[in-house]
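Residue strings, one per chain:
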Amino acid sequence: MKAEETGEKTSVASRPRRRRIRVARTATVLGVLAVYVVGVVLSTGLGSLSAFGIGDIAAVCPVGALETMIAGRIVLPLPLIAIVLAVLAAVCFGRAFCSWVCPVPLTRKLVTNKRERDAFAADRKKGRLLSKRGWPGLGRNGTSALGVLGVALATTLVFGFPVFCLVCPIGLAFATLFALVRLAMFNELVVDLVVFPALIVFELVVLRKWCATLCPVGAFLGLFARFNRTLVPTIDEEKCLATATGTACDACHAACSSDIDLVRDAGTGALHDCTKCHECADHCPASAITFPWRRPKASAVADEPDRTPLSS
Ligand code: SF4
Ligand code: SF4
């Protein structure tokens, strides 16, 4: 049931707040892109999310770092540091990177229309996107994404170079931006301007649920996000309409792009798939969801997807 259908006053008061969080998310992503563009224009060499740094202080994305070392069959200090930093970030902030830094969700909004997003939501409701079964301890979405991560690393081992980096939508988004900047600055018309956006459209429109179920970077972060205890969405059972009054409210689940059902065991996402986007809280008609600095011990939601439903 959508929030509006619960009969509660959702939204006049909460709309400005919802807008604020969305604007803040968009602003951080645009800020990352702006830093990249400035870096290209001024040739600072700052790089993108796939590979960035200044001078000797450099880092690459954790999956790229793993692939680099596997391809070279060597342990390198900088990629290793990049991996450790990514692990620490995942433990401290879960998969917040996916909602607050990564340009892919914003890119998806640009390349899909409302009809496609509605069709996806309908498929999700009918359970067509993914089996609800997952490997024990990995979650349902995590199972498929970790499969893609395994394939990315295995192909690197076989072919001797980071194959996945060629098709990673994060890298493609920055590569497209790079080509656009070169077009604007030097009138350079290159084939990248067609090929990269076409690959992005294929991955985000045809494969549809890239971020939650296929992205190996998200899968890597999700592995360590299960140890995250800060800013975890937490339900106040006394306020939640479903737990307090038995109302068939599903607004938080319906709003979650990771298909996490915080109340019942009905989503394909596990809690460690949470990207801290705040959409669930912003759609809750009872303001029952908060993001405490420290997750309470007796949290309403267990980490694993085979959690016991709170209510039926
Ligand atoms: S549970 Fe809430 S904060 Fe987490 S991904 Fe889903 S909608 Fe976003
Ligand atoms: S937390 Fe409870 S009241 Fe709020 S949207 Fe979810 S099910 Fe509805």
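Everything that follows concerns the structure shown earlier in this document.
Cut-offs and rules
Residues numbered from 1 in each chain as written. Chains lettered and ligands numbered in written order. Predicted model: local features only at pLDDT ≥ 70, side-chain atom pairs only at ≥ 80, totals over all residues. Heavy atoms only, no water. Near = heavy atom within 4 Å. 1 Å grid on protein atoms, 1.4 Å probe; cavity = no way out; pocket = protein on both sides within 12 Å on 5 of 7 lines; lining within 4 Å. Sits in = over half its atoms within 2 Å of the grid points. Nonpolar A, V, L, I, M, F, W, Y, C, P; charged D, E, K, R; others polar. Salt bridge = Lys/Arg side-chain N within 4 Å of Asp/Glu carboxyl O. Helix = DSSP H or I, 4+ residues; strand = E, 2+ residues; numbered from the N terminus. Buried < 20%, exposed > 50% of the residue type's maximum accessible area, 1.4 Å probe, protein only. Axes fitted to C-alpha atoms, helices over the stretch in contact; angles between N-to-C directions. Parallel < 35°, antiparallel > 145°, perpendicular 65-115°, else oblique. Contact = heavy atoms within 4.5 Å. Points joined across faces, edges and corners; volume = space filled by probe spheres on them. Phe/Tyr/Trp six-rings, centres within 6.5 Å; stacked < 30°, edge-to-face > 60°.

Visitor: Help me understand the site of ligand 1, please; the structure alone is not making it clear to me.
Guide: Residues in close proximity to ligand 1 include Cys-256, Ser-258, Cys-274, Thr-275, Lys-276, Cys-277, His-278, Glu-279, Cys-280 and Phe-291, which together make up its full environment. For ligand 1, the cavity whose grid points lie within 2 Å of the majority of its atoms is the largest cavity. Across the shell around ligand 1, the residue classes tally to 5 nonpolar, 3 polar and 2 charged.

Visitor: Before we go on, may I ask you to explain the pattern of salt bridges in this structure?
Guide: Should their charged atoms come close, side chains of opposite charge can pair. This structure, assessed with the given rule, holds 3 salt bridges. Put simply, Glu-279 and Arg-25 hold a salt bridge, and the shortest N to O gap is 3.1 Å. Taken together, the positions of Glu-279 in helix H14 (residues 279-283) and Arg-25 in helix H1 (residues 11-42) put the pair 254 residues apart, joining distant regions of the chain. Look at Glu-279 and you get buried, because its relative accessible area is 9%. Note that Asp-273 is salt-bridged to Arg-95, the shortest N-O span being 3.7 Å. Pair noted here: Asp-273 is in the loop between helix H13 (251-255) and H14 and Arg-95 is in the loop between helix H3 (77-93) and helix H4 (96-100), with a separation of 178 residues, a long-range link. By relative accessible area, which is 4% here, Asp-273 ends up buried. Among the charged side chains, a network of salt bridges with common partners joins Arg-22, Arg-25 and Glu-279.

Visitor: Sorry if this is basic, but what is going on with the packing of helix H5 (residues 104-111) against helix H9 (residues 192-206) here?
Guide: How two helices pack is summed up by the angle between their axes together with the distance between the axes. Following both chains from N to C, one finds H5 and H9 inclined at 90°, their axes separated by 10 Å at the closest point. Taken together, the axis directions place H5 and H9 in an arrangement best described as roughly perpendicular. Contact residues: H5 offers Val-104, Thr-107, Arg-108 and Val-111, while H9 offers Ile-200, Val-201, Leu-204 and Val-205. Broken down by class, the residue content of the contact of H5 with H9 amounts to 6 nonpolar, 1 polar and 1 charged.

Visitor: Would you explain empty space enclosed by the protein in this entry?
Guide: Which parts of space are left empty comes out when a probe the size of a water molecule is rolled across the atoms. The tally for this structure, following the rule as stated, stands at 5 cavities of 30 Å³ or more. A volume near 110 Å³ is recorded for the largest cavity. In this structure, the largest cavity is lined by 16 residues; those nearest its centre are Cys-256, Ile-260, Cys-274, Cys-277 and Cys-280. Those elements giving two or more residues to the lining of the largest cavity turn out to be H13 and H14. A breakdown of the residues in the lining of the largest cavity according to their chemical character gives 10 nonpolar, 4 polar and 2 charged.

Visitor: Got a minute to help me understand the packing of aromatic side chains in this structure?
Guide: Working definition: an aromatic ring pair is given by the centre-to-centre distance plus the angle between the planes. One pass over the structure, following the stated rule, counts 1 aromatic pair. A centroid spacing of 5.3 Å and a plane angle of 55° characterise the contact between Phe-220 and Phe-224, whose relative ring orientation is tilted. Of the two residues, Phe-220 and Phe-224 both sit in helix H11 (residues 216-225), 4 residues apart, roughly one turn of that helix. You can call Phe-220 buried: its relative accessible area is 5%.

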